[in-house]
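# Descriptive structure summary
Okay, here's what each chain looks like letter by letter:
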Amino acid sequence: MLNNMTTDGEEGEGSPNNQGDGNPKESSPFINSIASCDVEKSQQYDGKNMALFEEEMDTSPMVSSLLSSLANYSNLPTGSKEHEEAENNEEGARPSKKTVKAPQLGTLMGVYLPCIQNIFGVILFLRMTWMVGIGGVLGSFIIVFMCCSTTMLTAISMSAIATNGVVPAGGSYYMISRSLGPEFGGAVGICFYLGTTFAGAMYILGCIEILLIYIIPQAAIFKIEGLEGLEAEAALLNNMRVYGTIVLSLMALVVFVGVKYVNKLALVFLACVILSIVAVYAGVIKTAIDPPVFPVCLLGNRTLVSKGYDVCAKVIEIDNETVTTKLWRSFCDSENINATCDDYFNDNNVTEIQGIPGVTSGILAENLFGNYLEKGMIVEKRGLASQVDPDSSASATNRFVLADITSFFTLLVGIYFPSVTGIMAGSNRSGDLRDAQKSIPIGTIAAITTTSTVYISCVVLFGACIEGVVLRDKFGEGVNGNLVIGTLAWPSPWVIVFGSFFSTCGAGLQSLTGAPRLLQAISRDGIIPFLRVFGHGKANGEPTWALLLTASICEIGIIIASLDAVAPILSMFFLMCYMFVNLACALQTLLRTPNWRPRFKFYHWALSFLGMSLCLALMFICSWYYAMVAMGIATCIYKYIEFCGAEKEWGDGIRGISLSAARFALMRLEEGPPHTKNWRPQILVLVSMDAEQNVEQPRLISLTNQLKAGKGLTIVGTSVQGKFLDNYTEAQRADQSLRKLMETEKVKGFPQVVVSSNLRDGTSHLIQVGGLGGLKHNTVMVSWPRNWKQPEFQQQFRDFIEVVRETTVASLALLVPKNISSYPSNGERFTEGHIDVWWIVHDGGMLMLLPFLLRQHKVWRKCKMRIFTVAQLDDNSIQMKKDVLTFLYHLRIDAQVEVVEMHDGDISAYTYEKTLVMEQRSQILKQMHLTKNEMEREIQSITDSSRGSIRRKKSLASRSQHSTDEGARVAEHPEEEAQLIHSKNASTPASPTSLTAPAGSTWTDNKGKNPEAGKDPFSMKPEWENLNQTDVRRMHTALRLNEVITKKSKEAKLILLNMPGPPKNRRGEENYMEFLEVLTEGLNRVLLVRGGGREVITIYS
């Protein structure tokens, strides 16, 4: 995807070809940045002074062209290119396209003033005085300082992110998503969108409140006059809902028809805000010189509603006659002096106080501390005496100013915080800025400093100028229905009323303009599939569908109808957004990624963490249940994007955390080998590929998946024959094939492909270098070589035996599944059956652990485990069974146990025949690989051996003597005999049989006896006499074991069997394969297991 950095009308992010992809402005400007043809390129690089680099010209641009591209980089806001293209389509007759003007906004117009306009808003005019009255100057100062500190710390973090490279249009969403990844970016982007949408609802509700309470109270559809308590509250809320819906519809229509008018009127709305604030400061100054007359009438210490009296007195003297007032008639049953009146009215006098005593009056001391009220409580003046009869019932409470909601400190935080939001306005306009990296930090921090100064000064000045009962009078009922902050303004309260009305209208329009564009940006990124429809809009890029959804969500806030209830909701979403901005900056700073080079230097990870902590604390301070809901929404979106969203690689900080955590974990693993309790099979699966680079044994991967209940590492490795430079493409294709198969089989792991001059070396390289650091494989799985008896496949079994040798030397466990094609796939289920374990030699517990892991998988879950062990002539079978059962009990493994007795027996004629065929075949295979000279020597050797019949008696005697010497040597080296991997003479290969080491009475004891003892002298054939007796005994044991296993486990779903070790002498490789073949003959699924030389299972917890 190309960047918008050319001037010849390349496609931008709104073109049809680019929709649904990642943000196109993120692509590197170093690739394909100049759209020039080959002829132009050849002309451009024709100079001989660059001949040294002519091979690089096709992939790497010259610095001169690169700098030209970067200089022409245009960072257009969302929708501008679509708008330009629509105009060009409409004016098709024009000979040339109109070039897009480069953004020209500076710090003042592009960042500072938009932030001022967005931060100052409805809360300042409608709730600030009430907050000071309820929370006190000290409490309000703490709230303001805490909220402003949060936004300032967030602004510092945001400035660092914004100055770390070019920030395309998209603002905060772009910064978070590219810093924390698509999951966090999408979740926080949606939260920011919901916060902006509910902010629109809050501004509309503030607009309606000003209209119906302070400007035209008569316009109320549901009349409040004469209603009390809940009925009056319900009527007010219904009026808010009706008018709010009407205003929302009108605003949405304005945004839909002509968004450019909204932008043009922004300065007008900003002027209203600034004018209103100046009027407040002017009023404060005037109170010091000439305090205004705003009388407030009190009955005792209770504030009276101004509509309930005409004169602040019970009776007045007119022509020497005492006349009762409207106030008298409100509390008494008649106009007469002797009428029955309310007890509280009789017991207390009426006094009139000044609502605005002035900044020099000393009222600040009275307003210093909070005065929190329960809903329905009467607003009372602190420090004034009042006579209350506790036995009298409260009556005529509607004549007093009442608290409409229960107030407490955390509620005030939630209501106030929206008044400090809006700090993202500058970054959201980053596409319009001349120099975003300079303007965003300066403008945003200056705006926050200005607004914080205004807020803190307002808290102090309101407490110093206005009477406490007036401050706590939320709707100005005690001051003739005036806006409380308006009573302080100079020259007239109407300056504040109309100023705040127009500012809330403007802020609402701005929210309805910005929120759909934010949703459109998220939709076009393609990270949330179900939102893609909202990425479409009109021909000029206006987000029609996004506007419709925004208006619908905004209507939810209108239906809530209470400004005090909506404010905490949007506080949650904004706080979550700010929290993740701080987290992004802290992570980038701590990870020290090479790309983290912000121009803004006045940041620190500790400040970012402090800001993040403040945001999190404020969320739960405002409303813990709203905080849980907001975090739940963000978590759901995060998991949805993680499982269903488009995969994006944005070089985000979460990926950096993963790298750092992986490095830390790998270093910890290097401290030492894992404890037996933590041992799990880390499997290296060796597979072979066909000519099309497809896996030949896919069931190996299935078996690996079924073994992964241990949750260990899996590496699927293969080797490609050839040179790396020539076969890199084949290696890449093999890698993709492995990845696809692993994904199909749901194996969590890594493919690894090596290119080597021959497959043998490639496999050896995989065994040696697979894994990283302490996270290396401890188990190798390789399939049994097929058709190994055929001459053309003999290299396969030699490679197989080399793998066995290398795993033995490296102390790695080895798993060799035989007949792998008959193994079940992951979709199959065994409803019954057995997994049989033939435990002949102890291998560290691998034979016990593997069936347990297999039975965790749904394929093998219904299979039961049986363990067979072999007893010799001098073993106690009953005691062996008890010992095995006790061992399994301590291992917490459920299995049936059976002890199979194998006694010494005569070697059958069939054994001799099998051995003879094996050795003859071995001779033929050797001859096929002999050189000419070796062939001649071998022919001579065969000729000499053919004369054996003449020297038969002499050879028998010599063999007897040789066997005696050999028995003495075995006694000296018992460990070699135990493994049976030692060559017995120079010409006869020995086959390893660790399998039968405990069953030594058959294979071991015969070494010291006359080899003729096992023969039947009446049935001996002449060709049997020259056979190697070691091979005969091994063949005998393989046949006996196969016979027993076939009898006991013929119907088993899987047989696990100890695998003998490899021969040291390479001349015995064919015999080794033959022994294993005989051992497993007639068995369907066999898993040969060879331990790695360490305990892998323990009885301890």
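Right, let's walk through the structure included here. Predicted model, so just to flag it, every value in this text is computed and none were measured. (Residues numbered from 1 in each chain as written. Predicted model: local features only at pLDDT ≥ 70, side-chain atom pairs only at ≥ 80, totals over all residues. Heavy atoms only, no water.)

### With respect to the overall build of the protein
Helices and strands together make up the secondary structure of the protein, namely 35 helices and 15 strands. Buried positions account for 53% of the 1101 residues belonging to the protein. Roughly 51000 Å² of accessible area belongs to the protein as shown, and the carbon and sulfur atoms make up 58% of that amount. (Helix = DSSP H or I, 4+ residues; strand = E, 2+ residues; numbered from the N terminus. Buried < 20%, exposed > 50% of the residue type's maximum accessible area, 1.4 Å probe, protein only. Areas by Shrake-Rupley, 256 points an atom, 1.4 Å probe, with all protein chains shown as cover.)

### Focus on the pattern of salt bridges
Taken as a whole, this structure holds 16 salt bridges when the rule is applied. As a salt-bridge pair, Asp564 and Arg127 come within 2.8 Å of each other at their nearest N and O atoms. Taken together, the residues Asp564 in helix α19 (residues 563-591) and Arg127 in the loop between α5 (122-126) and α6 (128-162) connect sequence positions 437 residues apart. In this pair, the class of Asp564 matches that of Arg127, namely buried. A single salt-bridge network, built from bridges that share partners, covers Arg127, Glu209, Asp404, Lys474 and Asp564. (Salt bridge = Lys/Arg side-chain N within 4 Å of Asp/Glu carboxyl O.)

### Comments concerning the nonpolar core
Among the nonpolar cores identified, the biggest contains 170 residues, and Met128, Met202, Tyr416, Tyr455, Phe462 and Phe580 are the most heavily contacted of them. What Phe580 contacts, discounting residues up to four positions off in sequence, is Ile176, Leu180, Phe184 and Val188. (Core = buried A, V, L, I, M, F, W, Y, C linked by side-chain atoms within 4.5 Å. Contact = heavy atoms within 4.5 Å.)

### Focus on the sheet that holds strand β13 (residues 896-901)
Taken in spatial order, the 10 strands make up an open sheet running β8-β7-β6-β9-β10-β15-β14-β11-β12-β13, and their pairing is mixed. The open sheet terminates on both sides in strands that have one partner only, identified here as β8 (750-756) and β13. Each neighbouring strand pair of the sheet contributes to a mean axis angle of 20 degrees, computed without reference to strand direction. With seven bridges joining them, strand β7 (residues 714-721) and β8 adopt parallel strand pairing. Bridge pairing in β8 links Val716 to Pro751. Against the sheet, helix α28 (residues 877-890) makes contact with β11 (834-839), β12 (864-871) and β13, and its axis sits at roughly 150 degrees relative to β13, the strand it touches most. (Pairing = 2+ DSSP bridges. Axes fitted to C-alpha atoms, helices over the stretch in contact; angles between N-to-C directions.)

### Structural notes on the state of the cysteines
Counting across every chain of the model gives two disulfides. What pairs with Cys332 in a disulfide is Cys341, and their sulfur atoms sit 1.7 Å apart. Between Cys332 and Cys341, the S-S dihedral sits near 105 degrees, and the bridge is therefore right-handed. Here the two residues Cys332 and Cys341 agree in accessibility, since each one is buried. (Disulfide = S-S within 2.5 Å.)

### Brief notes about the environment of Ala691
Relative to the helices and strands, Ala691 is located in the loop between β6 (683-686) and α23 (698-706). For Ala691, a relative accessible area of 71% translates into the label exposed. Measuring from C-alpha to C-alpha, the distance between Ala691 and Glu730 comes to 9.6 Å, with 39 residues separating the pair along the chain.

### What about the packing of aromatic side chains?
Going through the model one piece at a time under the given rule, you end up with 26 aromatic pairs. Relative to Phe400, the ring of Phe331 has its centre 5.6 Å away and its plane inclined at 55 degrees; by these criteria the two rings are tilted. Of this pair, Phe331 sits in helix α10 (residues 326-331) while Phe400 is found in the loop between β5 (350-354) and α12 (409-416), placing the two residues 69 residues apart along the sequence. The residues Phe331 and Phe400 share a single accessibility class, namely buried. Here the aromatic cluster, defined as three or more aromatic residues joined through ring pairs, consists of Trp328, Phe331, Tyr344, Phe345 and Phe400. Over the aromatic face of Tyr344 sits the side chain of Arg302, whose NZ or CZ is 3.9 Å from the ring centroid. Geometry around Phe400 places Arg302 over its ring, the cationic atom sitting 5.4 Å from the centre. (Phe/Tyr/Trp six-rings, centres within 6.5 Å; stacked < 30°, edge-to-face > 60°. Lys NZ or Arg CZ within 6 Å of the ring centre and 35° of its normal.)

### Re the pairing of strand β14 (residues 1054-1058)
The buried fraction of β14 is high, at five of five residues. The alternating pattern of β14 places Leu1054, Leu1056 and Asn1058 on one face and Ile1055 and Leu1057 on the opposite face, and all of these are buried. Pairing analysis gives four bridges linking β11 to β14, with the strands arranged parallel. By the bridge assignment, Trp838 is partnered in β14 with Leu1057. Where β14 lies against strand β15 (residues 1086-1090), four bridges are found, and the strand directions are parallel. Across the sheet, residue Leu1056 finds its bridge partner in β15, namely Leu1087.

### Overview of the sheet that holds strand β2 (residues 302-303)
Pairing within the open sheet is antiparallel, and its three strands lie in the order β2-β1-β5. Two strands lie at the open edges of the sheet, namely β2 and β5, each paired on one side alone. Summarising the sheet, strand β1 (residues 295-299) and β2 pair through two bridges and their orientation is antiparallel. Among the inter-strand pairings, Leu299 is bridged to a residue of β2, identified as Arg302.

### Notes on the packing of α6 against helix α14 (residues 436-465)
Close contact between α6 and α14 brings their axes to 9 Å; oriented N to C, the two are set at 170 degrees. Classified by the interaxial angle, the pair formed by α6 and α14 is roughly antiparallel. Taken together, the residues that form the contact of α6 with α14 break down as 20 nonpolar, nine polar and no charged. (Parallel < 35°, antiparallel > 145°, perpendicular 65-115°, else oblique. Nonpolar A, V, L, I, M, F, W, Y, C, P; charged D, E, K, R; others polar.)

### Quick notes on a nonpolar patch on the surface
Side chains of Leu616, Phe620, Trp624, Tyr625 and Met628 sit close together on the surface and give an oily, nonpolar patch of about 540 Å² of accessible area. Looking at the nonpolar patch, the elements that each hand over two or more residues are α20 (605-622) and α21 (624-644). It is α21 that provides the largest number of residues to the nonpolar patch, a total of three residues. Along the chain, Trp624 turns up in helix α21. Judged by its relative accessible area of 56%, Trp624 falls in the exposed class. (Patch = residues over 30% accessible without salt bridge, like charges linked within 9 Å, V, L, I, M, F, W, Y side chains within 5 Å.)

### Some thoughts on the packing of helix α25 (residues 759-769) against helix α26 (residues 794-809)
Between α25 and α26, whose axes approach to 10 Å, the crossing angle comes to 25 degrees. Judged by the angle between their axes, α25 and α26 are roughly parallel. For the pair α25 and α26, the crossing hand works out as right-handed. Where α25 abuts α26, its residues Arg760, Thr763, Ser764 and Ile767 lie against Asp799, Glu802, Val803 and Glu806. Here the residues of the contact of α25 with α26 sort into two nonpolar, two polar and four charged. (Left-handed = near helix turned anticlockwise from the far one by under 90°.)

### Details of α21
Across its 21 residues, α21 extends 30 Å between first and last C-alpha, which sits within 8% of the 30 Å expected from 1.5 Å per residue. Turning to α21, its buried residues are Ala627, Ala630, Ala634, Ile637 and Ile641. Buried residues along α21 cover an arc of 100 degrees about the axis, so they all sit on one side. α21 presents Trp624, Cys636 and Phe643 as exposed residues on the side facing more than 90 degrees away from its buried surface. (Expected span 1.5 Å × (residues − 1). Arc of directions from axis to C-beta.)

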